[in-house]
Amino acid sequence: MSHEKYIQRCLELAKKGIGTTRPNPSVGAVIVHNETIIGEGFTSPYGGSHAEVNAINSVKDEELLKEATIYVTLEPCAHFGKTPPCANLIVEKQIPNVVIGCIDTNSLVAGKGVEILKNSGCNVTVGVLEKECLEHHKRFFTVQNKKRPYIILKWAETKDGFIAPNRHYEQSEVISEVKMRLPQQKSLLRNDAKPIWISNSYSQQLVHKWRGEEHAILVGTNTVIADNPSLTVRSWSGENPIRVVIDRNLRIPKKATVLDGNVKTIVITEKRTIERHYEQSEVISYEEIDFLSNIAAQICQVLYKHQIQSVIIEGGSQTLQTFIDSNLWDEARVFTGDVNFTEGVKAPNLNATLFSEENIQNDILRIYRND
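Remember, it's a predicted structure, so these values are computed and weren't measured experimentally.

### Observations regarding the pattern of salt bridges
All told, the structure shown has 20 salt bridges when counted by the stated rule. The salt bridge involving Lys146 is made with Asp330; its shortest N-O contact spans 3.6 Å. Remark: Asp330 occurs in the loop between α11 (317-325) and β13 (331-336) and Lys146 occurs in helix α6 (residues 138-146); sequence separation between them is 184 residues. The buried category is assigned to Asp330, whose relative accessible area is 9%. Through salt bridges that share partners, Glu135, Lys138, Glu331, Arg333 and Arg369 make up one connected network.

### Overview of empty space enclosed by the protein
Using the criterion set out here, one finds one cavity of 30 Å³ or more in the structure. Counted as a void, the largest cavity has a volume near 150 Å³. Around the largest cavity sit 15 residues that line it, and Ile18, Thr21, Ser26, Arg139 and Gln309 are the ones nearest its centre. In the lining of the largest cavity, the residues fall into three nonpolar, nine polar and three charged.

### Let's talk about the pairing of β13
A regular strand carries its side chains on alternate faces of the sheet. Taken across its six residues, β13 has six buried, putting it largely inside the fold. The side-chain alternation of β13 yields two buried faces, one formed by Glu331, Arg333 and Phe335 and the other by Ala332, Val334 and Thr336. By the bridge criterion, six bridges tie strand β6 (residues 150-157) to β13 in an arrangement that is parallel. Bridging across to β13, Ile152 finds its partner in Glu331.

### With respect to the packing of aromatic side chains
As enumerated under the stated definition, the model contains three aromatic pairs in all. Both rings, one in Tyr6 and one in Tyr71, keep their centres 4.9 Å apart while their planes meet at 40 degrees; by these two values the pair is tilted. Remark: Tyr71 occurs in strand β3 (residues 69-74) and Tyr6 occurs in helix α1 (residues 3-14); sequence separation between them is 65 residues. Each member of the pair Tyr6 and Tyr71 is classed as buried. Ring centres of Phe140 and Phe141 lie 5.9 Å apart, and the angle between their planes is 55 degrees; this geometry places the pair in the tilted category. In terms of burial, Phe140 and Phe141 fall into one category: buried. Over the face of the ring belonging to Phe355 we find Arg369, whose NZ or CZ atom lies 4.0 Å from the ring centre.

### Structural notes on the sheet that holds strand β9 (residues 242-246)
Taken in spatial order, the nine strands make up an open sheet running β11-β10-β9-β8-β12-β6-β13-β16-β15, and their pairing is mixed. Across the chains shown, the open sheet's two edge strands, defined by having one partner strand only, are β11 (284-288) and β15 (353-360). The average angle at which neighbouring strand axes cross in this sheet is 20 degrees, direction not considered. Strand direction decides the pairing type here: β9 and strand β10 (residues 265-269), joined by four bridges, are parallel. The residue of β10 that forms the bridge with Arg243 is Thr265. On top of the sheet, α6 reaches β6, β12 (310-313), β13 and β16 (363-369); it is set at about 125 degrees to β6, its chief contact.

So, how was this worked out
- Residues numbered from 1 in each chain as written.
- Predicted model: local features only at pLDDT ≥ 70, side-chain atom pairs only at ≥ 80, totals over all residues.
- Heavy atoms only, no water.
- Salt bridge = Lys/Arg side-chain N within 4 Å of Asp/Glu carboxyl O.
- Helix = DSSP H or I, 4+ residues; strand = E, 2+ residues; numbered from the N terminus.
- Buried < 20%, exposed > 50% of the residue type's maximum accessible area, 1.4 Å probe, protein only.
- 1 Å grid on protein atoms, 1.4 Å probe; cavity = no way out; pocket = protein on both sides within 12 Å on 5 of 7 lines; lining within 4 Å.
- Points joined across faces, edges and corners; volume = space filled by probe spheres on them.
- Nonpolar A, V, L, I, M, F, W, Y, C, P; charged D, E, K, R; others polar.
- Pairing = 2+ DSSP bridges.
- Phe/Tyr/Trp six-rings, centres within 6.5 Å; stacked < 30°, edge-to-face > 60°.
- Lys NZ or Arg CZ within 6 Å of the ring centre and 35° of its normal.
- Axes fitted to C-alpha atoms, helices over the stretch in contact; angles between N-to-C directions.
- Contact = heavy atoms within 4.5 Å.

Structure, rendered in structure tokens:
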């Protein structure tokens, strides 16, 4: 079996740790002896063992390590953190061959792991399925290189390009059409209107899966007031993301679900904390920014301060467009539902490279990348 196939297996393993290892990357590792996998592992939840340690510990006969090859998606660490350096452990176990998907750009590693291995006599190969490994570790690398989280924009729009009906728009005909054709679909609940669904229940479940994979989710004031969302994982298994809410003038009622204290929540406002009628806590915190300039950049600074590795922005059109216009986004996931509104709130204006497209029953999911 080729190097590529073993690194591919590493990537499959690494996906199992997404959402639990941050701020560490989710790495996959496989140990091979005479073309037979004798050990494998992936990164444990933060504070636990790294992938290399778990893979080595899974080998029943340690003597085989002296004739084996260890494959990893990311360069083994070379520094002491919550756990000892993995590069040193590989040397200690006398594993002679190391195959690495991509180099770690973290300044604490950045080639130092490879250096330790080579200086100890290991045969090191770097860059196997490098593109795929870089893609898998994109969240970790974005934080390291750009000092901000990996930013995913997400919205659902109608076939005629709207993400919501007008607040005072007469919706009876649209509601009837949607109820007939899309009975279990995502609601755009307004204070003065009945629910209207754009994307279908399968797309909605996929969004909940994404929430379990990303570190945070961000929405604006109008979205919270209109929909009272919980922003949690309900149709999938996984950890709830940190909730980030933009509330410039503290208009969100204290009874809103996002302020229920069940999930860590960050409220971004321009009011001084000493003047507000809300209370700071370990679960709910308030961060002040200047709303007169560079809103998206300041929000990124806040998220970086809180060591947030990735964020899904599910805000309304204005919030999404703010990040698009500031060129502060990495990926956009756009659902197009099988319905028309004729008029309403226009979807964000995005001019970007189409990365992939797929049908989810009668929805179309298009993913764009910011090149």
